Amino acid sequence: MNQPTTLFEKIWSTHEVAPQNADTPAVIYIDLHLIHEVTTPQAFAELRTRGLKVRRPDKILATMDHATPTRTEQVFGGMPITIESAAKQIRQLEQNCADFGVELLGLQHDLRGIVHIIGPELGVTQPGRTIVCGDSHTSTHGAFGALAFGIGTTEVGHVLATQCLLQTKPKTFAVNINGRLPTGVTAKDLILSIIGKVGVSGGTGHVIEYRGAAIRALSMDERMTVCNMSIEAGARAGMIAPDDTTFEYLAQTPRAPKGVAWDQAVASWRKLVTDDGAVFDKSVEIDAGGLEPMITWGTNPGMVAPISGNIPDHRGDPVFDAAIRYMGLTPGEPIRNSPVNVVFVGSCTNGRLSDLRSAAHVLRGHKIAAGVTMLVVPGSQAVKRAAEAEGLHEIFRAAGADWRESGCSMCLGMNGDTVGKGEYSVSTSNRNFEGRQGVGARTLLASPQTAAASAIRGRVTDPRELITARDWNS
Amino acid sequence: MNAVKTIRSRTVVMPATNIDTDQIIPGRFLTTTVKSGLGVHLFADWRYDAAGKPLPDFILNRPEAAGCRILVAGRNIGCGSSREHAPWALQDFGFQAVVSTEIADIFRSNSLKNGLLPVIVDAATHVWLLENPGAEVLIDLEATTLRLPDGRTTKFPIEAFPRYCLLNGVDELGFLVSKDAAISAYENR
């Protein structure tokens, strides 16, 4: 009988073009390469310098999201893109895709969106695939039981030229989440809790597999939120074994296999599980039932507390002191009722339709507080159309929020959407690093529900104060 | 890529832990389409005031940082974004090695691909380096050692293949391209 193996090992071993040996890392075949405008120009330039072709254009999908504007008139005409260098990157990706024969869902394409939103939406993100992108949040795709990880621009060039990467085999890390999330506690709260527990480098050198009853109960959107932030725990990849939830999602997507091919695919996908008795290099146990809505108070995603709790007090620790000084918050005080200037709902972490529904559910019938700016940015143009078909955009606008075209937007302050110096932003994105959302911006990461509740009050607010348990899922 | 064999230099010390790649090179500088010229933006938000004037107390603006090629950083440098602009900016500024107890995965991989040597040291060596900024250190990639001024020497881990590439000044793409037959065989399985 074969040795029991993990989900990760099953995918790794079937993608070895050449195994690892004493002299060289493994040569790993890549099934899907997602590319965008910001981390590819130098890679295409390298191909041109060396006279190399793109080996498998059919395994690449390009879009633009990071540097693209979100104002409708800048996307569809009427107003120029403010940042000239961003406009140049967009033009360069168009040229590179045309020259090398790569499919591009360009700026005005109705399937464009954040790269990690559109892969799943189109059904190109599939169980068992190896998926890479020049973006650290590529871990998102692991929600489907794919091995998906972020790479640098040099490696983007490697995949363009050879469809392969040289990789040293990572270790495995089981994150077991038992029980069930309480009402009012979201997937975002779960992953923030996990990062708070394992730390921002706890996953370095490892691929995480999220396991347990609480994970099985999550929708695909929620699983993507969890896997998305694996990198914030230092892990390049996070995965969840595929199951009926996965297959039901994929069955609705345009590019998943159809007919007989679908049946064959599902049969093979069902084998993508960690065998009983398989050994992980390390593991952690978390009781979902004990979790609460979470919000970050510091300058990395591991600096996180329950929203009903207090900002910790580690005065004298230089790391803590630097974070608290930057954030302008008071050690030992409740995080609740901290000031809010900006609220951002969107990003590859929380920019899917269910996230927008959650935010709208809290906002319905309310106005955002005076002095608060709120930006709602759908993760893709398809999410935007679906949200508008349900009237979600009307709820956001009636509340006083801005409704935009899709993109990374305010997650990373490189496309014109920024938070001002010293301003507090409750954001559904993934990073609260210094200056991430703009020079001097202070970011508090939270769920869409917490973001919406905080917009209404103009203060950090536990969404359970605005939504009773009975109404939470309605 | 230039070959790397030994690096002898005084150190610059940045003791902060978890220095993420957004600090090394903020997002607004990523709309470039080339690799060069990023050194001026290295640590931009820590290095300049709102008017773009260098902050005199920041280590990279101080005279003793001039000519230093080794950056000693607090634990877990390079976490966060996969932007290869981070090693490009460090190199363009003049750094040839980054030393810490932990170096984030993608940043480490990106650094190796560009000839910026990631050196992971034990806690005791790290503490000594943090407490002695400006110390003259010798990093020997052939021997995979870091030597302190008093002669104490510590080994650092590096995989055989990137070490070979760095020592010989060759990049990994040539090796991958040479695997064409094996890749074709895999595709035609």
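In this text, all values refer to a predicted model and were calculated from it rather than measured experimentally. Position labels on residues start from 1 in each chain and follow its written sequence. Labels follow written order: the first chain is A, the first ligand is 1, and so on. At least 70 in pLDDT is required for a residue's local features to be given in this predicted model, at least 80 for side-chain atom pairs to be given and counted, and no such filter applies to totals for whole chains, interfaces and linings, which use all residues.

Engineer: Would you mind going over the overall build of chain B with me for this structure?
Structural biologist: In this text, helices come from DSSP runs of H or I with a minimum length of four residues, and strands from runs of E with a minimum of two, each type numbered from the N-terminal end. Check the secondary structure of chain B and you find eight helices and seven strands. On the principal axes, the C-alpha backbone points of chain B span a range of 60 × 45 × 25 Å. Residue burial is a threshold on neighbouring C-beta atoms within 10 Å of the residue's own C-beta, all placed from the backbone, with 20 or more meaning buried, 12 or fewer meaning exposed, and counts in between meaning partly exposed. In chain B, buried positions account for 46% of the 189 residues.

Engineer: Can you walk me through the overall build of chain A in this structure?
Structural biologist: Within chain A one finds 18 helices and 19 strands. Along the three orthogonal principal directions, the C-alpha set of chain A runs to about 60 × 55 × 50 Å. Scored against the burial criterion, the 474 residues of chain A give a buried share of 59%. Look at the contacts in chain A between residues 6 or more apart in sequence, and 75% of them connect residues 24 or more apart. Residue pairs qualify as contacts under a 7 Å threshold applied to their C-beta atoms, which are placed from the backbone.

Engineer: Is there a simple way to think about the environment of A:Gly113 in this case?
Structural biologist: All names here are of chain A. Mapping glycine 113 onto the fold places it in the loop between β5 (103-105) and α5 (115-122). In this structure the C-alpha to C-alpha distance between glycine 113 and leucine 353, which are 240 residues apart in sequence, comes to 13 Å. Those residues within four positions of glycine 113 in sequence are excluded, and the remaining contacts are Thr63, Asp65, Ile118, Gly379, Ser380, Gln381, Ala382, Val383 and Ser406.

Engineer: Please explain unusual backbone geometry as it appears in this structure.
Structural biologist: Trans is the common state for peptide bonds, and a negative phi is the common state for residues other than glycine. Residues and elements named next belong to chain B. Backbone geometry places asparagine 18, a non-glycine residue, at a positive phi of 55°. Among the structural elements, asparagine 18 can be located in the loop between β1 (6-14) and α1 (21-24). Given 26 C-beta atoms within 10 Å, asparagine 18 falls into the buried group. The residue asparagine 76 is not glycine, and still its phi comes out positive at about 65°.

Engineer: How do you make sense of the interface of chain A and chain B when you look at a structure like this?
Structural biologist: Note: interface size is frequently given as the accessible area lost on complex formation between the parts. Counting residues at the interface gives 53 residues for chain A, matched by 42 residues for chain B. Counting only elements with at least two residues in the side of chain A that touches chain B, the list comes to β1 (16-18), β2 (26-29), α2 (41-50), α4 (84-100), α6 (153-162), β8 (164-167) and α12 (318-327) of chain A. Looking at the side of chain A that touches chain B element by element, the count peaks at six residues for α6(A). Under the grouping applied here, Gly and all other residues not named as nonpolar or charged are polar, the nonpolar ones being Ala, Val, Leu, Ile, Met, Phe, Trp, Tyr, Cys and Pro and the charged ones Asp, Glu, Lys and Arg. Here the side of chain A that touches chain B is built from residues that sort into 22 nonpolar, 24 polar and seven charged.

Engineer: Whenever I open this one, the nonpolar core confuses me. Can you help?
Structural biologist: If you look at soluble globular proteins, the nonpolar side chains tend to sit buried side by side. Ranked by size, the top nonpolar core spans 195 residues in total, and within it A:Cys164, A:Ile295, A:Val343, A:Val376, B:Leu71 and B:Val98 carry the most contacts. A per-element tally of this core places helix α7 (residues 187-198) of chain A first, with seven residues. We call a set of buried Ala, Val, Leu, Ile, Met, Phe, Trp, Tyr and Cys residues a nonpolar core when their C-beta atoms link them within 7 Å.

Engineer: Please explain the sheet that holds strand β3 (residues 32-35) of chain A as it appears in this structure.
Structural biologist: The pairing of strands in a sheet comes from backbone hydrogen bonds and takes either a parallel or an antiparallel form. All names here are of chain A. Here the rule is simple: two strands pair whenever DSSP picks up at least two bridges between them. Read across the sheet, five strands follow the order β5-β4-β3-β6-β7 without closing on themselves; strand pairing throughout is parallel. One side of each edge strand has no neighbouring strand; the edge strands of this open sheet are β5 and β7 (147-150). Here the strands of the sheet are splayed against their neighbours by 20° on average, with no regard to which way each runs. Inspection of the sheet shows strand β4 (residues 60-63) paired to β5 by three bridges, in the parallel sense. What counts as an axis is a line fitted to C-alpha atoms, over the stretch in contact for a helix, and the angles between N-to-C directions run from 0 to 180 degrees.

Engineer: Explain helix α16 (residues 392-399) of chain A here, please?
Structural biologist: For the α-helix, the turn length of 3.6 residues means that residues three or four positions removed from each other point alike. Residue and element names in this part refer to chain A. Turning to α16, its buried residues number three or more, namely Leu392, Ile395, Phe396 and Ala399. Seen end-on, α16 carries its buried residues on one side only, within an arc spanning 95°. Check the buried side of α16 and you find it contacts α14 (353-363), β16 (373-376), α15 (381-389) and β17 (402-403). Directly beyond the C-terminal end of α16, a positive phi value near 105° is found at glycine 400. Each direction from the helix axis to a C-beta atom contributes to the arc, which is the arc of those directions.

Engineer: What is the right way to look at the packing of α14(A) against helix α17 (residues 448-457) of chain A in this model?
Structural biologist: Angle between the axes and distance between the axes are the two parameters that describe a pair of packed helices. Residues and elements named next belong to chain A. Between α14 and α17, whose axes approach to 8 Å, the crossing angle comes to 30°. It follows that α14 is roughly parallel to α17 by the angle criterion. At the point where α14 passes α17, the crossing takes the right-handed sense. From α14, Asp355, Ser358, Ala359, Val362 and Leu363 reach across to α17, where they touch Pro448, Gln449, Ala451, Ala452, Ala453 and Ile456. Its residues assigned to classes, the contact of α14 with α17 shows eight nonpolar, two polar and one charged. Geometric relationships in this document are graded by angle, where less than 35 degrees denotes roughly parallel, more than 145 denotes roughly antiparallel, 65 to 115 denotes roughly perpendicular, and other angles denote oblique. Helix crossings get a hand from a simple test, with the near helix turned counterclockwise from the far one by less than a right angle marking a left-handed crossing and a clockwise turn marking a right-handed one.

Engineer: In this structure, what is going on with the sheet that holds strand β3 (residues 97-100) of chain B? I would like to understand it.
Structural biologist: Residues and elements named next belong to chain B. In spatial order, the strands read β4-β3-β2-β1-β5-β6-β7; together these seven strands make up an open sheet with mixed pairing. Pairing within the sheet leaves two strands with one partner each, and these edge strands are β4 (117-120) and β7 (153-155). When strand polarity is set aside, the average angle formed by the axes of neighbouring strands in this sheet is 30°.

Engineer: Which parts of the structure should I look at to understand the packing of α14(A) against α16(A)?
Structural biologist: All names here are of chain A. The interhelical angle for the contact between α14 and α16, taken along N-to-C directions, is 45°, at an axis separation of 9 Å. It follows that α14 is oblique to α16 by the angle criterion. In this structure, α14 crosses over α16, and the sense of that crossing is left-handed. Two secondary-structure elements touch here, α14 through Leu356, Arg357, Ala360 and Leu363 and α16 through Leu392, Ile395, Phe396 and Ala399.

Engineer: Can you help me understand the environment of A:Leu52 in this one?
Structural biologist: Residues and elements named next belong to chain A. Tracing the backbone shows leucine 52 in the loop between α2 and β4. In this structure, the C-alpha to C-alpha distance between leucine 52 and alanine 161, residues 109 residues apart in sequence, is 6.4 Å. Apart from residues lying up to four places away in sequence, leucine 52 is in contact with Leu47 and Ala161.

Engineer: I would appreciate a short explanation of the pairing of β4(A) in the present structure.
Structural biologist: Both faces of the sheet carry side chains from a regular strand, because those side chains alternate between them. Residue and element names in this part refer to chain A. Neither face of β4 is exposed, since Ile60 and Ala62 on one face and Leu61 and Thr63 on the opposite face are all buried. Bridge count for β3 against β4 is three bridges, and the pairing is parallel. Within β4, the position partnered with histidine 33 by the bridge is isoleucine 60. Looking down the strands as they point away from you, a crossover is right-handed if its path from the first strand over the helix to the second goes clockwise. Running through α2, the crossover from β3 to the neighbouring parallel element β4 is right-handed.

Engineer: For this particular structure, what's the right way to read the environment of A:Ile28?
Structural biologist: Residue and element names in this part refer to chain A. Mapping isoleucine 28 onto the fold places it in strand β2. Among the residues examined, isoleucine 28 registers 23 C-beta atoms within 10 Å and is labelled buried. A sequence separation of 311 residues divides isoleucine 28 from proline 339, and the C-alpha atoms of the two residues are 48 Å apart.

Interpretation note: all reported values are geometric properties and have no functional meaning in isolation.
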